[in-house]
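# Overview (structure and organization)
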Amino acid sequence: MSHMTKVPHRRPVRQARGAAPTAPPRARRPTSQQWAAWGFLTPVTLYLVLFYAYPLYRNIDLSLRNYTVRSFVQGDAPFTGLANYRTILDDPTFVPALLHTVVFTSVCLFFQYAIGLALAVFFNQRFRLSATLRALFLVPWLLPLIVSASTWSWMLNSDSGVVNAALHAVGIGPVNWLTTPGWSLASVIIANIWIGVPFNLVVLHSGLQSIPASLYEAAALDGANAWQRFWRITFPLLRPVSAITLLLGLVYTLKVFDIIWIMTKGGPADSSTTFATWSYQLGFGNLLPAFGPGAAVGNLLVVAALVFGLVYVRVQRKQALS
């Protein structure tokens, strides 16, 4: 009877105690493309940190401390928590400023978008002098804000303004546009609408260029009139561009300061005061500046813009998934 040799089972060799550990694999060195990517990212990162992250951090720090002129220079302001936010909430100016901010932002957004969309559809017809007229509509957007606000302040002047002169020519009495509480907010709204329409025109007109002309031709063959073509083709396909236009317009309108301050300075009797002008008045408009409450009002504007930005991102994500 033959005997078969059994091969013993080999166990994995364990490293003996005290033996030198095996060297780990060497990490790959960054390639030239990776170094180039970091080189392009570094200036952008430094810019965001220096001009966005750090100012935002300082503004939050201002709103959580009791800063005076001396402590602002020396940097030894005591920590007060949310006391500055409670101060502005208890201030009698808070509710009027909030209402004025909501009215100013919503009315400006509606009319800027509506007029800009109407002009974009009009100039999309590609008639003679279309490009020239479209370029002329950009003038309010290209002018410095101080020039535009000063021009509107002169036009709406109660005594020598051209608007009251035109009203007088048709038999209507003069209106105190900038010095009456009932008209001051409407005056700055009109001026801001005039300034913001060109931006909406440019963005929406570029969006109309991406809509195929074949869709309009097919709809015309099916008997659709101009309104049906706009409501069934133009408006739905323009929604992504409209969303970003409204978002950018919202962020810009929330922080409008130049127009209101030059024309009315938030008055008379705080009738045109918004959060932007109120924040400036608290921080720099008094002999004893209230840096903390002023920064707190500014942070409310930042939170409002952030909330609408997050809503926009969420809506865009749902549209992409659907």
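The next point concerns the overall build of the protein chain. Check the secondary structure of the protein chain and you find 15 helices and zero strands. Each principal axis of the C-alpha atoms in the protein chain carries an extent, and together these give about 130 × 75 × 35 Å. For the protein chain, the exposed surface amounts to about 21700 Å²; the carbon and sulfur share of it is 67%. Computing the positive centroid from 23 side-chain charges and the negative centroid from 9, the protein chain places the two 29 Å apart.

Take the packing of aromatic side chains next. For the coordinates displayed, the defined rule picks out 21 aromatic pairs. Between W177 and W183, the aromatic rings sit 4.9 Å apart at their centres with planes inclined by 70°, giving edge-to-face as the arrangement. Here the aromatic rings of Y280 and F284 are separated by 5.6 Å at their centres, their planes lie at 35°, and the arrangement is tilted. One end of the pair, Y280, and the other, F284, are both in helix α14 (residues 275-284), four residues apart, so they sit about a helical turn from each other. For Y280, a relative accessible area of 31% gives the class partly exposed. The structure contains a cluster of three or more aromatic residues connected by ring pairs, namely F257, W261, Y280, F284 and F291.

In summary, soluble globular proteins display a tendency toward joint burial of nonpolar side chains. Among the nonpolar cores identified, the biggest contains 33 residues, and F104, I259 and M263 are the most heavily contacted of them. At the level of elements, α4 (94-123), α7 (145-155), α9 (181-209), α11 (226-237) and α13 (258-263) are the ones that each hand at least two residues to this core. When neighbours within four sequence positions are excluded, I259 is seen to be in contact with L145, A149, V188, A191, N192 and I195.

Turning next to unusual backbone geometry. The linkage connecting G267 with the following residue, P268, adopts the cis geometry, with an omega of -5°. Along the chain, the position of P268 falls in the loop between α13 and α14. Positioned with a positive phi, K265 is a non-glycine residue whose angle comes to about 55°. Here K265 is to be found in the loop between α13 and α14.

The subject of this paragraph is helix α3 (residues 83-90). Listed as buried for α3 are N84, Y85 and I88. One face of α3 carries all of its buried residues, which in axial projection span an arc of 100°. For α3, the exposed residues lying more than 90 degrees away from the buried face are L89 and D90. On its buried face, α3 sits against α1 (32-63), α4, α14 and α15 (291-321).

We now examine the layout of surface pockets. Put simply, the largest pocket is a space of about 890 Å³. In terms of lining residues, the largest pocket is bounded by 28 residues, among which N59, G298, N299, L301 and V302 are the most central. At the level of elements, α1, α12 (239-254), α14 and α15 are the ones that each hand at least two residues to the lining of the largest pocket. Here the element with the most residues in the lining of the largest pocket is α15; it accounts for eleven residues. In the lining of the largest pocket, the residues fall into 20 nonpolar, seven polar and one charged. Size it by volume and the second largest pocket reaches roughly 420 Å³. Broken down by secondary-structure element, the contributors of at least two residues to the lining of the second largest pocket are α9, α10 (213-221) and α11. Top contributing element to the lining of the second largest pocket by residue count: α11, with five residues. The residue inventory of the lining of the second largest pocket, partitioned by class, reads eight nonpolar, four polar and two charged.

It is worth spelling out the pattern of salt bridges at this point. Following the criterion strictly, the structure yields two salt bridges and no others. Here D61 makes a salt bridge to R58, at a shortest N to O gap of 3.4 Å. Separated by three residues within a single helix, D61 and R58 lie in helix α1, roughly one turn from each other. On the accessibility criterion, R58 (25% relative accessible area) is partly exposed.

Next up on the list: the packing of α3 against α15. The relative placement of two packed helices is expressed as an angle between their axes plus a distance between the axes. In contact at an axis separation of 8 Å, α3 and α15 are set at 80° when each is read in the N-to-C sense. Classified by the angle their axes make, α3 and α15 are roughly perpendicular. Contacts from N84, Y85, T87 and I88 of α3 reach α15 at G292, P293, A296, V297, N299 and L300. When grouped by side-chain class, the residues that make up the contact of α3 with α15 number six nonpolar, four polar and no charged.

Thresholds, definitions, all that
- Residues numbered from 1 in each chain as written.
- Predicted model: local features only at pLDDT ≥ 70, side-chain atom pairs only at ≥ 80, totals over all residues.
- Heavy atoms only, no water.
- Helix = DSSP H or I, 4+ residues; strand = E, 2+ residues; numbered from the N terminus.
- Areas by Shrake-Rupley, 256 points an atom, 1.4 Å probe, with all protein chains shown as cover.
- Lys, Arg positive; Asp, Glu negative; His and termini not counted.
- Charge placed at Lys NZ, Arg CZ, Asp CG, Glu CD.
- Phe/Tyr/Trp six-rings, centres within 6.5 Å; stacked < 30°, edge-to-face > 60°.
- Buried < 20%, exposed > 50% of the residue type's maximum accessible area, 1.4 Å probe, protein only.
- Core = buried A, V, L, I, M, F, W, Y, C linked by side-chain atoms within 4.5 Å.
- Contact = heavy atoms within 4.5 Å.
- Arc of directions from axis to C-beta.
- 1 Å grid on protein atoms, 1.4 Å probe; cavity = no way out; pocket = protein on both sides within 12 Å on 5 of 7 lines; lining within 4 Å.
- Points joined across faces, edges and corners; volume = space filled by probe spheres on them.
- Nonpolar A, V, L, I, M, F, W, Y, C, P; charged D, E, K, R; others polar.
- Salt bridge = Lys/Arg side-chain N within 4 Å of Asp/Glu carboxyl O.
- Axes fitted to C-alpha atoms, helices over the stretch in contact; angles between N-to-C directions.
- Parallel < 35°, antiparallel > 145°, perpendicular 65-115°, else oblique.

Just geometry here; none of it tells us what the structure is for.
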